[in-house]
Amino acid sequence: METERSFQESFQKTPTFIIRAPGRVNLLGEHTDYNGLPVLPMAIDRCIVIAGCARDDQTIQAISSHHQNESITFDLRHSIPKHTQGHWVNYVKAGIQGVISNICKDDQINDLSGCDIFLSGDIPPASGLSSSSALVVASALALLHANQITYDPHVLAEWMAEAEWFVGTRGGGMDQAACLLGRADHLLKIDFFPLKANPVPWHPDYSVVICDSGVQAKKTEGALQAYNLRSAECQLAKLLLNNYLDKSGKPISINRLGDLLHPPHSYTYDDLNQLIQHALQDSYDLEEIISILANEKAALDILNDCSIPADANQQFHCGKRYRHIVTDGQRVEQSQDLLLNQDMHSFAKCMRLGHQSARDDFEISCPELDQLVELALQNGAIGARLTGAGFGGSTVNIVHKKQIESFTEKMQSTYYQDQSKPTKNSILITKPSNGAESV
Ligand code: NG1
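For clarity, every value in this text was computed on a predicted model and none was experimentally measured. What you see as residue numbers is a count from 1 along each chain, following the sequence as written. Reporting in this predicted model follows two pLDDT cut-offs: at least 70 for local features of residues, and 80 or more for side-chain atom pairs to be given and counted; totals over whole chains, interfaces and linings ignore these cut-offs and use all residues. Note that the side-chain values use all heavy atoms of the structure and ignore hydrogens as well as water.

Novice: Explanation requested: the sheet that holds strand 1 (residues 17-26) in the structure shown.
Specialist: Each strand in a sheet pairs with its neighbour through backbone hydrogen bonds, running either in the same direction (parallel) or in the opposite one (antiparallel). Two strands form a pair only when DSSP identifies at least two bridges running between them. We count a stretch as a helix when DSSP gives it H or I for four or more residues in a row; a strand needs E for two or more, and each element gets its number in order from the N terminus. If you trace the six strands from one edge of the open sheet to the other, you get 4-3-5-2-1-14, paired in mixed fashion. Unpaired on one side and paired on the other, strand 4 (70-75) and strand 14 (437-438) mark the two borders of the sheet. As defined by bridge partners, strand 1 adjoins strand 2 (residues 41-54) across nine bridges and the pair is classed as antiparallel. Within the sheet, the bridge partner assigned to I18 lies in strand 2 and is A51. Only heavy atoms enter the contact rule, under which two residues are in contact if any of them lie within 4.5 Å. Every axis in this analysis is a line fitted to C-alpha atoms, fitted for helices over the stretch in contact. Angles between the N-to-C directions lie between 0 and 180 degrees. Sitting on the sheet, helix 1 (residues 2-11) is in contact with strand 1, strand 2, strand 3 (59-64) and strand 5 (115-121), with an inclination near 135° to strand 5. Helix 2 (residues 89-103) contacts strand 3, strand 4 and strand 5 of the sheet and is inclined by roughly 30° relative to strand 4.

Novice: Just to check I follow, could you spell out the nonpolar core for this structure?
Specialist: Soluble, globular proteins show a tendency: their nonpolar side chains are buried together. What we call a nonpolar core is a set of buried Ala, Val, Leu, Ile, Met, Phe, Trp, Tyr and Cys residues that are connected through their side-chain atoms within 4.5 Å. A 1.4 Å probe rolled over the protein chains alone gives each residue an accessible area, and that area as a share of the maximum for its type sets the label: buried under 20%, exposed over 50%, partly exposed in between. Of all hydrophobic cores here, the largest spans 80 residues; its most connected members are L27, W202, F347 and I398. In terms of residue count, helix 3 (residues 131-146) provides more of this core than any other element does, eleven residues in total. When near neighbours in sequence (up to four residues on either side) are disregarded, L27 contacts L40, P41, M42, L187, W202, V208, F347, M351, R385, V396 and I398. Among the nonpolar cores identified, the runner-up in size contains 48 residues, and L229, I276, I302 and L303 belong to it.

Novice: In this structure, what is going on with the pairing of strand 12 (residues 394-400)? I would like to understand it.
Specialist: On any regular strand, side chains alternate: one points to one face of the sheet, the next to the other face. Most of strand 12 is tucked away, with six of its seven residues classed as buried. Sheet topology note: the strand 8 (residues 206-212)/strand 12 ladder contains seven bridges and is antiparallel. Bridge pairing in strand 12 places Y206 opposite H400. Here strand 11 (residues 383-386) pairs with strand 12 via four bridges, running antiparallel. Looking at the pairing, A384 lines up with N397 of strand 12.

Novice: So what exactly am I meant to see when it comes to the packing of aromatic side chains here?
Specialist: Planes of paired rings set the category: under 30 degrees apart is stacked, over 60 is edge-to-face and the rest tilted, where pairs are Phe, Tyr or Trp rings (Trp by its six-membered ring) whose centres lie within 6.5 Å. Evaluation of the coordinates by the stated rule reveals five aromatic pairs. For the pair F7 and F11, a centre-to-centre distance of 4.7 Å together with 40° between the ring planes defines the contact as tilted. Placement of the pair is F7 and F11 together in helix 1, with a separation of four residues, close to one helical turn. By relative accessible area, which is 13% here, F11 ends up buried. Between W202 and F347 the ring centres are 6.2 Å apart and the planes differ by 80°, which places this aromatic pair in the edge-to-face class. Of the two residues, W202 is situated in the loop between strand 7 (196-201) and strand 8 and F347 in helix 11 (residues 344-360); the sequence distance between them amounts to 145 residues. By relative accessible area, W202 is classed as buried at 9%. Look at F347 and you get buried, because its relative accessible area is 0%.

Here you go:
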């Protein structure tokens, strides 16, 4: 195996473990995870691969084939210092620190061994396929393997969701859960708080095709700020909702929107839709929010936590954002039943509506993604939508296996005809795959 050979060449010894951690594509439920509503992703057949071997000290030496075999060394600590923002090793550090903070008390860190690791893989980066979470998960598994420690993947998925905050995003737990819990030939319907993954069988006559827009959704640049702004808007919406419920004589204090769906509240999705319509305006400026809440600190803390400047001219689109979250969560619930009944056309319709809602209410699309979705639907896909955080990256498309060839040709001769668009790896025909494992 190539990664094994490269490890051998770099470290002059044989690796004792190989880990593969897949990327994921999300079919429905975007930005719902950190709001406590469900998602419907699958692990893909593209992976980060790590070859590794334990060391007899407490150092990690990581070499990345994606970055001209750059080698970075750091020590196991409770608070590992970050590398420069956007550097690949921060994802390795995120996974390693995520394990340490969950399994080690103060001095127990001395009992852990470090490891040498060589990283490679075939997930296209910054394409919305979660190469970053796969790297976080693979790095955590490398440390665990080096120390012969095993953990339930559900527990690891919860640790890893928070571990990835190390790099600066305030994401939910979808990517890490899909990476660890993926099942061949199944999508996963994942609920959060607590995490629960339910495998949903995939119709064997259809392929999941991922089309790269060529617009890089780099979590280190504008997309990070835009992602965190969405997270801040949702948290502000939650405060406004708590305030509304309190004033209407229902002093419920929720931590996230999804709490209302569970006991003791047990709202239906229709109840939620109505509540949001009554309780929230489409958008607010900061002064309005502070005056409604009569609590400046609570609002400013959220902005600070998400690294969003307290700008008086910034509009916070709380009502619109929550409208997307509720309708998308509802589409995930419906889709689970549709897929169990193999009703692919109705499922595809949910995906199309999901794209519209992501574009108009959550505002995470861009002209290239909209164009790709339109062309895919014209060229034979029954369902198409942006996937992942948005602001670039890829679309996910459902294509009947008999149509794959003509779909690919038509996409190549339309969207990808333009020289400025990517061609290598631009269309990935993928299938639902197993989660992270050692091979
Ligand atoms: P991607 O597309 O991998 O950046 C991000 C979040 C997810 C989820 C989606 C939007 C991270 C690591 N991942 O995914 O939790 O919120 O956006 O649905 O931040």
